Amino acid sequence: MADWTKRTRAVHAGTRRSQYGEVSEAIFLTQGFVYDSAEQAEARFLKAGEDEFIYARYGNPTVRMFEDRIAALEGAEDAFATASGMAAVNGALSAILKAGDHVVAARALFGSCLYILEEILTRFGVEVTFVDGTDLDQWRDAIRPGTKAVFFESVSNPTLEVIDIRAVAELAHAVGALVIVDNVFATPVFSDALAQGADVVVYSATKHIDGQGRALGGVILGTRDFVRKVAEPYLKHTGAAMSPFTAWVMLKGLETMELRVRAQAACAQELAKALVSDGRLARVIYPGLPDHPQHALAMAQMGAGGTVLSIDAGSQEAAFSLLNALEIITISNNLGDAKSIVTHPATTTHQRLPAEQKAALGITPGLVRLSVGLEDPADLLADIRRGLAAM
Ligand SMILES: *Cc1c(COP(=O)(O)O)cnc(C)c1O
């Protein structure tokens, strides 16, 4: 496997065949595993081997196939699959933090990530400093000797700021802090986060990994020591496990992810360009556009602008008129799906935030997030133009 590219790994890595030699991965829809003898049970509880399982909350052959495949894709030594992306984010942070620890995080975060850092970790005595993730001086000022971890989304939701993984990692590693990156918007296809300095990468597998809106899932990737000795004890005892059925859905998702994500990103690039030249929008935000503030970084770090773009219709009224006129693109809140989806963050995903915080994050009343799917780009553009005409 060492010389396989990501595309080949996504199809074959981690496959475990049963005695029946099935082509498609088997779903081991079992919660437990039997032992030949009491002695074997004792030995397995003492130390389970590669192909030995005890209980599905600890591990399961279908889930292990998914973990091995995504680890191979990401270039990680190991992975632990979780029931949702949030279980992965919470697990990666809670497994390492204790009262009195200090964390530095980017301010522009997915709503639930912000809730964990702002409301939950602080309740357990963890100190969290928030910074503008694109401003390296703020990271430099906030990271101090003893800082335990830094956390950020490599591309932020929904304002699509790109954070310099290599530069932040250098500052964090100078004080021995662990770099945890929520890499959803970069996708495993465009990610090279571990090589760029991340210690731990987390994904919501709900997004591009499934890519077809079927199942919730998540994954934590890192060194074998981190995954098995630090993350796993926390995750297996607190019940974050991914279900075997979900793991099977995710395995099938990985097989087509590269094709889907590249097509979606190419379409996003085409739409962003067309919407800029259309001229009716106050703003078009897409890391693949030359005028994006971190365009050069996005190209160096990911080689593409991703599958999501954000547009500013100017006001909430205009944004709502645009959304309500769409016939192909659906109003929902998933992203990375085969179906194109629009979201109005200010009134949905980020509704909870006070007005000043929304303003500070650039979540304006007219902001609309567009997750680009697999439809024909010409049909999508016609649909968006229908929305623009209704504004
Ligand atoms: C969706 C998302 C999550 C949460 O994932 P779930 O699977 O919904 O729990 C976390 N971070 C980012 C950036 C996301 O987009």
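The rules we used
- Residues numbered from 1 in each chain as written.
- Predicted model: local features only at pLDDT ≥ 70, side-chain atom pairs only at ≥ 80, totals over all residues.
- Heavy atoms only, no water.
- Core = buried A, V, L, I, M, F, W, Y, C linked by side-chain atoms within 4.5 Å.
- Buried < 20%, exposed > 50% of the residue type's maximum accessible area, 1.4 Å probe, protein only.
- Helix = DSSP H or I, 4+ residues; strand = E, 2+ residues; numbered from the N terminus.
- Domains from an automatic or database assignment.
- Contact = heavy atoms within 4.5 Å.
- Near = heavy atom within 4 Å.
- Polar contact = N/O pair within 3.5 Å; in protein donor to acceptor, adjacent residues only side chain to side chain.
- Areas by Shrake-Rupley, 256 points an atom, 1.4 Å probe, with all protein chains shown as cover.
- Nonpolar A, V, L, I, M, F, W, Y, C, P; charged D, E, K, R; others polar.
- Expected span 1.5 Å × (residues − 1).
- Bend = angle between axes of the 7 residues up to and from the residue.
- Pairing = 2+ DSSP bridges.
- Axes fitted to C-alpha atoms, helices over the stretch in contact; angles between N-to-C directions.
- Parallel < 35°, antiparallel > 145°, perpendicular 65-115°, else oblique.
- Left-handed = near helix turned anticlockwise from the far one by under 90°.
- Phe/Tyr/Trp six-rings, centres within 6.5 Å; stacked < 30°, edge-to-face > 60°.
- Lys NZ or Arg CZ within 6 Å of the ring centre and 35° of its normal.

1. Things to note about the nonpolar core
Working step 1: Counting residues in hydrophobic clusters, the biggest one holds 89 residues, and the most contacted among them are Phe66, Trp139, Phe152 and Leu309.
Working step 2: Examining the composition of this core, we find that 14 residues originate from one element, helix 10 (residues 244–278), more than from any other.
Working step 3: Both domains that meet at this core, namely domain 1 (6–253) and domain 2 (257–390), each give it at least three residues.
Working step 4: Beyond its immediate sequence surroundings of up to four residues, Phe66 is in contact with Ala81, Ala205, Ile209, Gly218, Val219, Met242, Ala247, Met250, Leu251 and Leu254.
Working step 5: Listed in part, the 35 residues of the second largest apolar core include Ala92, Leu121, Phe130 and Val227.

2. Focus on the site of the ligand
Working step 1: Close to the ligand lie 14 residues; Met86, Asp182, Ser204, Thr206 and Lys207 are nearest.
Working step 2: The backbone of Met86 places a nitrogen or oxygen atom 2.9 Å from an oxygen atom of the ligand.
Working step 3: With respect to the ligand, the side chain of Lys207 contributes an N or O atom lying 2.8 Å from an oxygen atom.
Working step 4: Coverage of the ligand by the protein chains reaches 92% of its 380 Å² of free accessible surface.
Working step 5: For the shell around the ligand, the residue count by class is six nonpolar, five polar and three charged.

3. Some points on the side chain of Ser156
Working step 1: Within the element layout of this structure, Ser156 appears in the loop between strand 4 (147–153) and helix 7 (165–174).
Working step 2: On the basis of relative accessible area, Ser156 is assigned to the buried category, the value being 0%.
Working step 3: Leave out the neighbours within four places in its chain, and Ser156 touches Ala108, Glu161 and Phe185.

4. Observations concerning helix 9 (residues 224–238)
Working step 1: Taking 1.5 Å as the rise per residue, helix 9 with 15 residues should run 21 Å; its terminal C-alpha atoms sit 20 Å apart, in good agreement.
Working step 2: Along helix 9, the helix axis deviates most sharply at Glu232, where the bend reaches about 50°; the proline Pro233 sits within four residues downstream.
Working step 3: Every buried residue of helix 9 is listed here: Phe226, Val227, Arg228, Ala231, Glu232, Leu235 and Lys236.
Working step 4: Positive phi shows up at Gly239, right after helix 9, with a value of about 80°.

5. A closer look at the sheet that holds strand 5 (residues 178–182)
Working step 1: Pairing within the open sheet is mixed, and its seven strands lie in the order 1-7-6-5-4-2-3. Of all the strands in the sheet, the pair left with one neighbour each is strand 1 (78–82) and strand 3 (127–131). Within the sheet, the average angular offset between the axes of one strand and its neighbour, ignoring direction, is 20°.
Working step 2: Summarising the sheet, strand 6 (residues 200–204) and strand 7 (residues 218–222) pair through four bridges and their orientation is antiparallel. Counterpart to Tyr203 in the pairing with strand 7 is Val219.
Working step 3: Each of strand 1, strand 4, strand 5, strand 6 and strand 7 is contacted by helix 4 (residues 85–94), which is oriented at about 160° to strand 6, the strand it contacts most.
Working step 4: Relative to strand 3, helix 5 (residues 111–123) is tilted by about 150°, and along the sheet it contacts strand 2 (102–106), strand 3, strand 4 and strand 5.

6. Comments concerning the packing of helix 12 (residues 316–325) against helix 14 (residues 377–390)
Packed helices, taken two at a time, are described by the angle between their axes plus the distance between the axes.
Working step 1: One way to put it is that helix 12 packs onto helix 14 with a least axis distance of 7 Å and a crossing angle of 140°. Taken as axis vectors, helix 12 and helix 14 run oblique relative to one another. For the crossing formed where helix 12 meets helix 14, the hand is right-handed. Note on element contacts: helix 14 touches helix 12 through Arg386, Gly387, Leu388 and Ala390, opposite Ser321, Leu322 and Ala325.

7. Structural notes on the sheet that holds strand 11 (residues 341–343)
Working step 1: The mixed open sheet is built from five strands, whose spatial order is 8-9-12-11-10. The outermost strands of the open sheet, each flanked by one partner alone, are strand 8 (283–285) and strand 10 (330–331).
Working step 2: As paired strands, strand 11 and strand 12 (residues 367–371) are joined by three bridges and run antiparallel to one another. Bridge pairing in strand 12 links Ile341 to Ser371.
Working step 3: Helix 10 contacts strand 8, strand 9 (308–312) and strand 12 of the sheet and is inclined by roughly 15° relative to strand 9.

8. Section: the packing of aromatic side chains
The geometry of two aromatic rings is summed up by the distance between their centres and the angle between their planes.
Working step 1: Counting across every chain of the model gives five aromatic pairs.
Working step 2: Taking the centre distance of 6.1 Å and the plane angle of 35° together, the rings of Phe245 and Trp248 count as tilted. Pair noted here: Phe245 and Trp248 are both in helix 10, with a separation of three residues, about one helical turn.
Working step 3: The exposure class assigned to Phe245 is partly exposed, which follows from its relative accessible area of 44%.
Working step 4: Judged by relative accessible area, which is 24%, Trp248 ranks as partly exposed.
Working step 5: Over the ring of Phe110 we find Lys207; its NZ or CZ atom is 5.1 Å from the centre of that ring.

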